Amino acid sequence: MESYTDILLVTANVGSLFDNVGEMQKEWLREFYTAVQTYKSRFVALHFQEVGGKEYMANMEHAENFIRSMESSEEMRDFDRVCTYVDSHFKAQDSFTALGSMYFIHKSVKSIFQYDFNAQEFKAVAGQNKFVGSLEGVTTVQKEKFPKNFWPDFKWSRKGYMRTRWLIDNQGLDLVNVHLFHDASNLIACNSSPSVYSGNRKKALRYVINRISDSDSPLPFFLFGDFNFRLDTLSLVQHLSISADVQTVKKDSSNEVERIICEEKDNDHKVLLQIETKLFAYLHQAVFREDNGRALLKYDKEMEAFKDVISEEEIVFPPSYPYSEDYSEPTQYMNTRCPAWCDRILFSLTAQDIIHKRQDGEPDLTYNTLGPNVCMGDHKPVFLCFPLKTNTP
């Protein structure tokens, strides 16, 4: 008999939470718990990137306390099984990813198994299973840092993926936590279309998809994480500055561009847009929020290369990054980067078949951000909730 289990997937780059310990964490947790209750979730998958933040050596203890508070919270008491994986072994530079994945199973879910990649079989999940550290030798998770040659021009960073495999009420699926490379310089990002960074991300994401699809028995999969997808910066800047005077300022000693300044022609030469390596200051920032930034979605092109294997629900929320870390400005963007939909939940074409549909044939799901009007750090977490088709006897 076909039935369904309510699933909640959440992805969150949480670096800000550990550089700003305190009130921000409380607000973050409140929004997360509210979503769990609102959507009556029975299986919750929470994928973290940048656990410990930029100062991870000093802050990893804060991160572990944060995770511990969730595992023991009153709000999650009805989730009697919890599986936690945190790659916090920062001394192992060749393998450290700062990824964390948490899975909460509600007491109403009778049949839940997790795949042991070593034994190549599913095993029943019971109690709390917590793995914090290097994750080497943990057989229920596959973790990989991207090879160094993926970005030869850049400092090797904490980017990679982490995968778990589940059997929920006899329905199998893979859940993959992904963190792809960011744009190091706004100036380089608007040199070409697509940008060099976009090319790096495309290569890395194709690598992940190939790795999880190569197994003997591929399952439907969900990829959710910080993909660092950016808008096609060159096209966007051309659009934003179409009626402006554009001036390129170069460093005195070289031919290297230091900043790009776009001034309004008919408004006393007011600066419309200024771009530097880590500055993207646009005068009319509201365009990224109005109608959830819908007018700019046409510049969000990085998913197009993967239409053959993965899909995504329609985006109806503003760019998820880079939000202000000031409590008084929870909907403002910082002027460090061009706002973009970095945080995403993508799924294989086969996963479309395991999402329960309403009577009108449309999938019954919600794709949005957590805490749209609350300071959640520089990334707004993104969630997808849906009923998973199951086969209970």
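This text goes with the structure placed above it.
These numbers were taken from a predicted model, which means no experiment stands behind them.

A. Seen up close, the overall build of the protein chain. Scanning the protein chain for helices and strands turns up 6 helices and 19 strands. Compactness check: the protein chain gives a C-alpha radius of gyration of 21 Å against a globular reference of 21 Å for 393 residues, within 12% of the reference. The principal-axis extents of the C-alpha atoms in the protein chain amount to approximately 70 × 50 × 45 Å. Split into buried and exposed, the 393 residues of the protein chain put 55% on the buried side. Within the protein chain, contacts between residues at least 6 apart in sequence are counted, and of these 69% link residues at least 24 apart. When the accessible surface of the protein chain is totalled, it reaches about 17100 Å², and 46% of it is carbon and sulfur.

B. Local environment of the pairing of strand β11 (residues 221-226). Counting buried positions along β11 gives 6 out of 6 residues, so the element sits mostly inside the fold. Sheet topology note: the strand β10 (residues 171-179)/β11 ladder contains 6 bridges and is parallel. Pairing of D174 across the sheet is with F221, part of β11.

C. Looking closely at the sheet that holds strand β15 (residues 279-282). If you trace the 4 strands from one edge of the open sheet to the other, you get β12-β13-β14-β15, paired in antiparallel fashion. Where the open sheet ends on each side, the last strands, each with one partner, are β12 (244-250) and β15. When strand polarity is set aside, the average angle formed by the axes of neighbouring strands in this sheet is 10°. In terms of strand pairing, strand β13 (residues 257-264) meets strand β14 (residues 271-276) through 4 bridges, oriented antiparallel. What sits directly across from I260, in β14, is I275.

D. Highlighting the packing of aromatic side chains. In the structure shown here, the tally under the stated rule is 28 aromatic pairs. Put simply, the rings of F18, W28, F32, Y33, F48, F66, F79 and F104 touch in pairs and so form one group of aromatic residues. The ring of Y323 carries K380 above its face, with NZ or CZ at 4.6 Å from the centroid.

E. A look at the side chain of R230. One can find R230 in the loop between β11 and α6 (233-240). At 2.7 Å, the side chain of R230 and the side chain of N228 are in polar contact.

F. Geometry of the pairing of strand β4 (residues 100-105). Judged by how many residues are buried, β4 sits mostly within the fold: 6 of 6 residues are covered. For strand β2 (residues 43-49) and β4, the ladder comprises 6 bridges, and the chain directions are antiparallel. Across the sheet, residue F48 finds its bridge partner in β4, namely G100. As paired strands, strand β3 (residues 81-87) and β4 are joined by 6 bridges and run antiparallel to one another.

G. Highlighting empty space enclosed by the protein. Summed over the entire model, instances satisfying the criterion amount to 2 cavities of 30 Å³ or more. The calculated volume of the largest cavity comes to roughly 60 Å³. Forming the walls of the largest cavity are D183, N186, A189, R230, L231, T233, F280, R337 and C338.

H. Looking closely at the layout of surface pockets. Estimated volume of the largest pocket: approximately 940 Å³. Along the walls of the largest pocket sit 34 residues, with E50, K54, R158, K159 and H182 positioned nearest its centre. In terms of residue count, the dominant contributor to the lining of the largest pocket is helix α1 (residues 15-19) (3 residues). Per-class residue counts for the lining of the largest pocket are 7 nonpolar, 13 polar and 14 charged.

I. Highlighting the environment of T164. Take T164: it is sitting in strand β9 (residues 160-168). C-alpha separation for the pair T164 and Q114, spaced 50 residues apart in sequence, amounts to 7.7 Å. Look past the residues within four positions of T164 in its chain and what remains in contact with it is Y85, Y103, Q114, F117, T140, V141, L173, D174 and L175. Of the polar contacts made by the side chain of T164, one reaches the side chain of Y103; its length is 3.1 Å.

Conventions used here
- Residues numbered from 1 in each chain as written.
- Predicted model: local features only at pLDDT ≥ 70, side-chain atom pairs only at ≥ 80, totals over all residues.
- Heavy atoms only, no water.
- Helix = DSSP H or I, 4+ residues; strand = E, 2+ residues; numbered from the N terminus.
- Rg over C-alpha atoms; globule rule 2.2 N^0.38 Å.
- Buried < 20%, exposed > 50% of the residue type's maximum accessible area, 1.4 Å probe, protein only.
- Contact = heavy atoms within 4.5 Å.
- Areas by Shrake-Rupley, 256 points an atom, 1.4 Å probe, with all protein chains shown as cover.
- Pairing = 2+ DSSP bridges.
- Axes fitted to C-alpha atoms, helices over the stretch in contact; angles between N-to-C directions.
- Phe/Tyr/Trp six-rings, centres within 6.5 Å; stacked < 30°, edge-to-face > 60°.
- Lys NZ or Arg CZ within 6 Å of the ring centre and 35° of its normal.
- Polar contact = N/O pair within 3.5 Å; in protein donor to acceptor, adjacent residues only side chain to side chain.
- 1 Å grid on protein atoms, 1.4 Å probe; cavity = no way out; pocket = protein on both sides within 12 Å on 5 of 7 lines; lining within 4 Å.
- Points joined across faces, edges and corners; volume = space filled by probe spheres on them.
- Nonpolar A, V, L, I, M, F, W, Y, C, P; charged D, E, K, R; others polar.

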